[in-house]
Amino acid sequence: MDQIALGDLVARYALHADRREIEAMAGLFTEDAVLVLPDAPDRLDPVRVFTGRAEIAATLSALDGIPVTFHALAGQVFDVGAEPGTATGEIACVAHHLTAREDGKPSDLVWHCRYTDTYRLDGQTWRIARREQRIDSIETRPVRRWRGE
């Protein structure tokens, strides 16, 4: 298990999200990957299931509707998987989503979340085989100004 490569993998997921590089994000998953997301704000546990890169890319494209995001990785732990060429990980993240409220003022919707991951070697490259996102809490913060405003 290569912890540096796995750390780079999860950091690239966050970077691609913030840059809206949806196809690059989807490329971090195995062809048969499963992504399980919450249905926030009503359900904070993973309940919505997406399978395969195309379906995962389609759901991740929802990021295109958010003017600015910032995914800050707060912690990561990796373990050897049950089968050769696999690993697991727990990633803590604070995800900021800047949007305009109905009154036109900017707001930061903040998700404190965790990803429970399974990784698999694809040739010489680690990819996400399964990712489940859980939201621990949601908060809304006022924003004075954002880039691109």
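Computed from a predicted structure; not experimentally measured.

Criteria and thresholds
- Residues numbered from 1 in each chain as written.
- Predicted model: local features only at pLDDT ≥ 70, side-chain atom pairs only at ≥ 80, totals over all residues.
- Heavy atoms only, no water.
- Helix = DSSP H or I, 4+ residues; strand = E, 2+ residues; numbered from the N terminus.
- Rg over C-alpha atoms; globule rule 2.2 N^0.38 Å.
- Buried < 20%, exposed > 50% of the residue type's maximum accessible area, 1.4 Å probe, protein only.
- Contact = heavy atoms within 4.5 Å.
- Areas by Shrake-Rupley, 256 points an atom, 1.4 Å probe, with all protein chains shown as cover.
- 1 Å grid on protein atoms, 1.4 Å probe; cavity = no way out; pocket = protein on both sides within 12 Å on 5 of 7 lines; lining within 4 Å.
- Points joined across faces, edges and corners; volume = space filled by probe spheres on them.
- Pairing = 2+ DSSP bridges.
- Axes fitted to C-alpha atoms, helices over the stretch in contact; angles between N-to-C directions.

Trainee: Just checking my understanding: could you explain the overall build of the chain for this structure?
Mentor: In terms of helices and strands, the chain carries three helices and six strands. Taken from N to C terminus, the helices and strands of the chain fall in the order α-α-β-β-α-β-β-β-β. The C-alpha radius of gyration computed for the chain amounts to 16 Å, which stays within 12% of the reference 15 Å derived for 149 residues, consistent with globular compactness. Counting across all 149 residues of the chain, residues that qualify as buried make up 45%. Within the chain, residue pairs in contact and separated by at least 24 positions form 56% of the contacts whose partners lie at least 6 positions apart. Only carbon and sulfur atoms are counted for the fraction: they give 50% of the accessible area of the chain, which is about 8200 Å².

Trainee: What am I meant to see in the layout of surface pockets here?
Mentor: In this structure, the largest pocket spans a volume of roughly 410 Å³. Leu-37, Ala-62, Leu-63, Trp-111 and Gln-133 are the residues nearest the centre of the largest pocket, which is lined by 19 residues in total. Counting only elements with at least two residues in the lining of the largest pocket, the list comes to α1 (3-19), β1 (29-39), α3 (52-60), β4 (86-100) and β5 (106-122). In terms of residues, the lining of the largest pocket owes the most to one element, β1, which gives three residues.

Trainee: When you look at the side chain of His-71 in this model, what are you seeing that I'm missing?
Mentor: Tracing the backbone through its elements, the reader meets His-71 in strand β3 (residues 68-80). Residues contacting His-71, with those up to four places away along its chain left out, are Ala-14, Ala-17, Asp-18, Cys-93, Val-94 and Ala-95.

Trainee: Please clarify how the sheet that holds β3 should be interpreted in this entry.
Mentor: What holds strands together in a sheet is hydrogen bonding between their backbones, with the strands either parallel or antiparallel. Read across the sheet, six strands follow the order β2-β1-β6-β5-β4-β3 without closing on themselves; strand pairing throughout is mixed. Looking at the sheet topology across the chains shown, the edges are occupied by β2 (43-51) and β3. Neighbour to neighbour, the strand axes of the sheet diverge by 20° on average, direction disregarded. Strand contacts of α1: β1, β3, β4, β5 and β6 (125-142), with the helix running at about 160° to β3, the strand carrying the most contacts. Taken strand by strand, α3 contacts β1, β2, β5 and β6, and its axis lies near 35° from that of β1.

Trainee: Would you mind going over the pairing of β4 with me for this structure?
Mentor: On a regular strand, one side chain projects to one face of the sheet and the next to the other, so that they alternate. Burial runs high along β4: 11 of the 15 residues are buried. Strand direction decides the pairing type here: β3 and β4, joined by 12 bridges, are antiparallel. Bridging from a neighbouring strand, Val-68 pairs with Leu-98 of β4. Between β3 and β4, which pair antiparallel one after the other, the connecting turn spans five residues, and Gly-85 there sits at a positive phi close to 75°. In this structure, β4 lies alongside β5, joined through 15 bridges in antiparallel fashion.

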